[in-house]
Amino acid sequence: MSSHLGKPKSVSQFFSFVLTCHLFLLIRFIHSSPPENPIKCSSKNNSNCTVTNSLGVFPDRAICKVSNAIYPQAEQELIAAVAMASMNKIKVKVATRYSHSLPKLVCPDESPNGNLLISTMNLNRTLSIDNSTMIMTVESGVLLRDVISKAAKVGLALPASPYWWGLTIGGMISTGAHGSTLWGNGSYVHDYVIGLRIVTPASPEEGYAKVRVLDNNHPDIKAAKLSLGVVGVISQVTLKLQPLFKRSLTIVREDDSDLATRATTFGKEHEFGDITWYPYQRRALYRLDDRVSINTSGNGLSDFTGFRSTLTPALAAVRVSEETQEAIGDANGKCISARVTTFGLRITGFGYTNDGNLFTGYPIVGYQNRLQASGSCMDSSSDNLITSCAWDPRIRGNFYHQTAVNLPLSKVKNFIEDVQKLRDLVPEAFCGLELGNGILMRYIKGSNVYLGTEEDSIDFDITYYRSKNGSTPRLFQDILEEVEQIAVFKYAGIPHWGKNRNLGFIGAINKYKHAAEFLKVKESYDPTGVFSSKWTNQILGLDQSGVTIIKDGCALEGLCICSEDIHCAPRKGYVCRPGRIYTSARVCADVNRVDTADISITTLEEEEDLGFSDM
């Protein structure tokens, strides 16, 4: 395949190749325009508002209108807001600082008396932290970044967290955010929570609102920790931390021939291990990541390349390149871009540095607070969008779908083998995934919360191209739809509550053994449904209309599973067809596309000749 990575054979391929190379030279800047508030109001008193997610568009592209937004600064103000809403039968939702949940969890239903959005932006204080007991209490709007840094200042660490630090503690636990580990208490942030204060509706005799104080001995905490925001608004969170420790990590690249088997055991071998899989390239990156002695030399830092501030013209140019490749069906160009992107990430250590400045090679040794998460693009003062986070909706940057599905370890081998069979049929279909850094596989330890993963599993996190025009089909749409349906239906995967398209939530509540117990707590805490919405009722099985939206083109964005050609884009050649290996799947296939399954993959030795070695 030397010609495939040698001279680009078209203008779009050359454009993509050059842009992707230069992006790595432009990706780090001192200043940035941090993400903006997702709540926009047309009046100074915070009325006539809209709210969205971090991408600026919900999965169904609907506009969420809100009568009023408030920004309480103390628990008493939360109580007053919930009491007012409860008394007046006003629908309420809670918004976090950057609104990173992609589904419509933040969108309150409209009601005759209006609706209300409560932002936790100003509930951002650390209330107490005790080095001797290793207990930390924070308000629900505190960012992960601040939990990590303030704990480290007194010699403590949160053992598990997501890799992006722009999430709030309340948002993380309410949607089941996690890191990667099967060890200790596990990878869910909520499994390090030992107490909550949550404000819920109440009876008139109780003043229409009350604060419930829950600890780990209270049975309701199993519902309140991961609640999707439907039982009330979290005021405070108490965490049990650990002494600050060091980690040593090395990323090893291997072929994926034994990935299906190895993935089932790798998480038990390394405490913080994860796997990044590039199916088209037939490679897997194994992160060998473990605790080491606090005396081990090293002051490594994680500043993940994708979370750094980047020149907005460079982001726009890369987006234009990908849009062009999609428009003309340039699979080869996408594959070139994917190889350049993954190569660039690899030789720069994915943003890891050995001393906070330079990446000189593995292992990276450093303190937990410096390695567990990053997000430097959100930390600087505004530079008028000269630079920004790559997905900022104010610029022409990244715009994507995300599918994140948990599969128990017992099903992982068969799922990976199915994806490999699809890859072997149409290898170039997976290049688009690799532009989003492949398939991230993180380990999740079983948890006792009612809406959490009940057994040890792997979260498969896939990020892929989305058109700004919802009626425009994607290149190789059918292949990625089949992967999604294999995970969700053939292997009954459960969704990450804060990600996924509508399709991922079809029948989801029936996959949880303790769903009935969760719904009992919900009914007890909020019997009139102040904090419920049509969307949450749909995903919880309380609204029989379900999450599927049937209309022309609905399958293009995962709003439905196609059953008729009109659910795809028949005028553009995309019609509804069975899956290739999972024939129960129904996918939007391009009948005019000619697959080139004979495209070969370079060996590791051939990559060295092409300049794509590990260096």
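The shown structure was predicted, so the numbers you read here are calculated from the model rather than taken from an experiment.

The rules behind these values
- The residue numbering used here restarts from 1 in each chain and proceeds along that chain's sequence as written.
- Per-residue local features of the predicted model are confined to residues with pLDDT of at least 70, and side-chain atom pairs are confined, for both listing and counting, to 80 or more; whole-chain, interface and lining totals are unaffected and use all residues.
- Calculation of side-chain values draws on the structure's entire complement of heavy atoms; hydrogens and water are dropped beforehand.
- The buried label applies to any residue whose accessible area, calculated with a 1.4 Å probe on protein chains only, is under 20% of its type's maximum; exposed applies above 50%, and partly exposed to all values in between.
- By the criteria applied, helices consist of DSSP H or I runs no shorter than four residues and strands consist of E runs no shorter than two, each listed in order from the N terminus.
- At least two DSSP bridges between two strands are needed for those strands to be called paired.
- Joining through side-chain atoms within 4.5 Å is the link that ties buried Ala, Val, Leu, Ile, Met, Phe, Trp, Tyr and Cys residues into a set, and such a set is a nonpolar core.
- Whether two residues are in contact is decided by their heavy atoms: any pair within 4.5 Å suffices.
- Here, the term disulfide refers to a pair of cysteine sulfur atoms separated by no more than 2.5 Å.
- Inter-axis angles, ranging from 0 to 180 degrees, are taken between N-to-C directions of lines fitted to C-alpha atoms, where helices are fitted over the stretch in contact.
- Here a pair means two rings of Phe, Tyr or Trp (six-membered ring of Trp) with centres within 6.5 Å. Their orientation is stacked below 30 degrees between planes, edge-to-face above 60, and tilted elsewhere.
- A residue's pLDDT is simply how confident the predictor is in it, with values from 0 to 100.
- Roughly parallel here means an angle under 35 degrees, roughly antiparallel means over 145, roughly perpendicular means 65 to 115, and every remaining angle is called oblique.
- Each residue gets one label: Ala, Val, Leu, Ile, Met, Phe, Trp, Tyr, Cys and Pro are nonpolar, Asp, Glu, Lys and Arg are charged, and the others, such as Gly, are polar.
- Multiplying one less than the number of residues by 1.5 Å gives the expected span of a helix.

Colleague: Help me get a handle on the pairing of strand 15 (residues 283-292), residues and values and all.
Modeller: Looking down a regular strand, the side chains alternate between one sheet face and the other. Counting buried positions along strand 15 yields 7 of 10 residues, so the element is predominantly enclosed. Relative to strand 15, strand 13 (residues 246-255) is paired through 10 bridges, and the arrangement is antiparallel. Along strand 15, the bridge assignment pairs D255 with R283. Where strand 14 (residues 274-278) lies against strand 15, 5 bridges are found, and the strand directions are antiparallel.

Colleague: Kindly report on the side chain of R319, identifying the contributing residues and their values.
Modeller: Assignment of secondary structure puts R319 in helix 8 (residues 312-328). A relative accessible area of 4% means that R319 is categorised as buried.

Colleague: Requested: an account of the nonpolar core, with residues and values cited.
Modeller: In this structure, L228, V237, W391, L451, W497 and I539 are the most contacted members of the largest nonpolar core, which totals 67 residues. At the level of elements, strand 7 (135-139), helix 4 (144-153), helix 5 (169-175), strand 9 (193-201), helix 6 (221-224), strand 11 (233-240), helix 14 (515-525) and helix 15 (534-539) are the ones that each hand at least two residues to this core. Here L451 is in contact with L226, L228, W497, I509, Y512, F518 and L540, once residues within four sequence places are set aside. With 46 residues, the next largest nonpolar core counts I275, V419, I458 and V488 among its residues.

Colleague: Quick rundown of the state of the cysteines? Include the residues and the values.
Modeller: Tallied over the full model, the rule gives 7 disulfides. Across the disulfide, C554 is cross-linked to C560 (sulfur-sulfur distance 2.0 Å). Its torsion about the S-S bond being 75°, the disulfide of C554 and C560 is classed as right-handed. Taken as a pair, C554 and C560 share a single burial class, namely buried.

Colleague: Outline the sheet that holds strand 23 (residues 457-465), supporting the account with residue identities and numerical values.
Modeller: One open sheet accounts for 8 strands, arranged 19-13-15-14-22-23-21-24; its pairing is antiparallel. Of all the strands in the sheet, just strand 19 (364-367) and strand 24 (494-495) have a single pairing partner and so form its edges. Here helix 11 (residues 409-425) sits on the sheet in contact with strand 14, strand 21 (400-408), strand 22 (439-444) and strand 23, set at roughly 135° to strand 21.

Colleague: Explain the side chain of T312 residue by residue, including any values.
Modeller: With respect to the helices, strands and loops of the structure, T312 is situated in helix 8. Taking relative accessible area as the criterion, T312 reaches 13% and is therefore assigned buried. Those residues in contact with T312 that sit more than four places away from it in its chain are L385, I386, T387, S388 and I395.

Colleague: Provide a residue-level description of the packing of aromatic side chains, including the pertinent values.
Modeller: In total, this model carries 12 aromatic pairs according to the counting rule given. Ring plane angle 85° and centroid distance 6.3 Å describe the contact between F415 and Y491, whose orientation is recorded as edge-to-face. Of the two residues, F415 sits in helix 11 while Y491 sits in the loop between helix 13 (477-490) and strand 24, which places them 76 residues apart along the sequence. Of the two residues examined, F415 and Y491, each falls in the buried class. Measuring from centroid to centroid gives 5.6 Å for W497 and Y512, while their planes differ by 25°, and the two rings are stacked. Of this pair, W497 sits in the loop between strand 24 and helix 14 while Y512 sits in the loop between strand 24 and helix 14; the two residues are 15 residues apart in sequence, bridging distant segments of the chain. Just as W497 is buried, Y512 falls in that class too.

Colleague: Which residues make up the confidence of the model for the protein chain, and what values go with them?
Modeller: Mean pLDDT for the protein chain: 93, with 92% of residues reaching 70 or above. pLDDT under 50 marks residues 597-606. Its contacts with residues more than four places away, or in other chains, come to 22 contacts.

Colleague: Tell me about the sheet that holds strand 11, residues and numbers included.
Modeller: If you trace the 5 strands from one edge of the open sheet to the other, you get 6-7-11-9-10, paired in antiparallel fashion. With one partner strand each, in any of the chains shown, strand 6 (126-130) and strand 10 (209-215) form the two edges of the open sheet. Averaged over all pairs of adjacent strands, the angle between their axes in this sheet comes to 10°, without regard to strand direction. Judged from the 5 bridges that link them, strand 7 and strand 11 form a sheet pairing that is antiparallel. Residue pairing for strand 11: T137 is matched across the bridge by T238.

Colleague: Account for the packing of helix 8 against helix 9 (residues 331-347), naming residues and giving values.
Modeller: One way to put it is that helix 8 packs onto helix 9 with a least axis distance of 8 Å and a crossing angle of 150°. With respect to helix 9, the element helix 8 is oriented roughly antiparallel. Judged by residue contacts, E322, Q325 and E326 of helix 8 engage G333, K334 and S337 from helix 9. Here the contact of helix 8 with helix 9 is composed, by residue class, of no nonpolar, 3 polar and 3 charged.

Colleague: Could you give an account of helix 11, naming the residues involved and the relevant values?
Modeller: Each turn of an α-helix holds 3.6 residues, which means side chains three or four residues apart point in the same direction. Under the 1.5 Å per step criterion, the end-to-end length of helix 11 is 25 Å for 17 residues, consistent within 8% with the ideal 24 Å. In this structure, the buried residues of helix 11 make contact with helix 7 (259-269), strand 14, strand 21, strand 22, strand 23 and helix 13.

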